[in-house]
Structures are given as structure tokens and as C-alpha cells.
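Analysis of the macromolecular model
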Amino acid sequence: PKAAAREASSLPDSPGRADVKRALDGVKAGVSSCAQGQGGVAIVNITVAGSTGRVTAAQVEGITGPAGSCIAREVRKASFPKFKNATFKVKYPYRL
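Computed from a predicted structure; not experimentally measured. (Residues numbered from 1 in each chain as written. Predicted model: local features only at pLDDT ≥ 70, side-chain atom pairs only at ≥ 80, totals over all residues. Heavy atoms only, no water.)

1. A short note on the nonpolar core
- Ranked by size, the top nonpolar core spans 25 residues in total, and within it Leu24, Ile46, Ile71, Val75, Phe80 and Tyr94 carry the most contacts.
- Among the secondary structure elements, those contributing two or more residues to this core are α2 (17-25), α3 (28-34), β1 (41-49), β2 (55-61), α4 (65-75) and β3 (87-95).
- Looking at this core, the element that brings in the most residues is α4, giving five residues.
- What Leu24 contacts, discounting residues up to four positions off in sequence, is Ile46, Val75, Ala78, Phe80, Tyr92 and Tyr94. (Core = buried A, V, L, I, M, F, W, Y, C linked by side-chain atoms within 4.5 Å. Buried < 20%, exposed > 50% of the residue type's maximum accessible area, 1.4 Å probe, protein only. Helix = DSSP H or I, 4+ residues; strand = E, 2+ residues; numbered from the N terminus. Contact = heavy atoms within 4.5 Å.)

2. Notes on unusual backbone geometry
- Of note in this structure, Gln36 is not a glycine but carries a positive phi near 50 degrees.
- When you line up the elements, Gln36 lands in the loop between α3 and β1.
- By relative accessible area, which is 60% here, Gln36 ends up exposed.

Distances and angles like these do not, on their own, reveal function.
What follows is the structure in C-alpha cells.
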């Protein structure tokens, strides 16, 4: 228990800019494959859980239908470092 508490105290309050870019660039190829020839920008509203670093919600604006659903699925695969706050929200653009 003490080790877990010590580990939690050293965590940042939320992911930094580099953490966000690294996590979301990590799924960029999957997101691009979802476009199915469509162009434009998909804006994804993302919620991440601090205790796990996992994406708990991804809502896509700008691209609809099967491509938008595919993008949301791919973004949910992103993995962030754990952080202290319960959740972190970010709006991230993917150019298709």
C-alpha cells in the first residue's frame, strides 16, 4: 500500500502536451485508415481516466457515419500515462 501511495504522489495532475501527442499519434495510422478516401478534419473529444490512462470516451465531429465510428474506435485504443486527476479531457484534430 505504501508503495502504491508513493507512486500515486509522484504522478502528474494530468498528462502533459507531449504525453497527449505521443498517445494520440500512436493511433494516427488506424485513424487514417478509417477515412476510406474522405478528406477533411476529424475533431475528436476525448476523455481519459487518470487511474488507468485509458480512453473512456471519444466523440467525433466533422466526419460522420461508419468512418466517424471507426475513428472513435481507433482513438479509444490510445494509451496515456496514469495521472492524479480522475479524468482529463482534450479536443484533438486529425487531418484526413
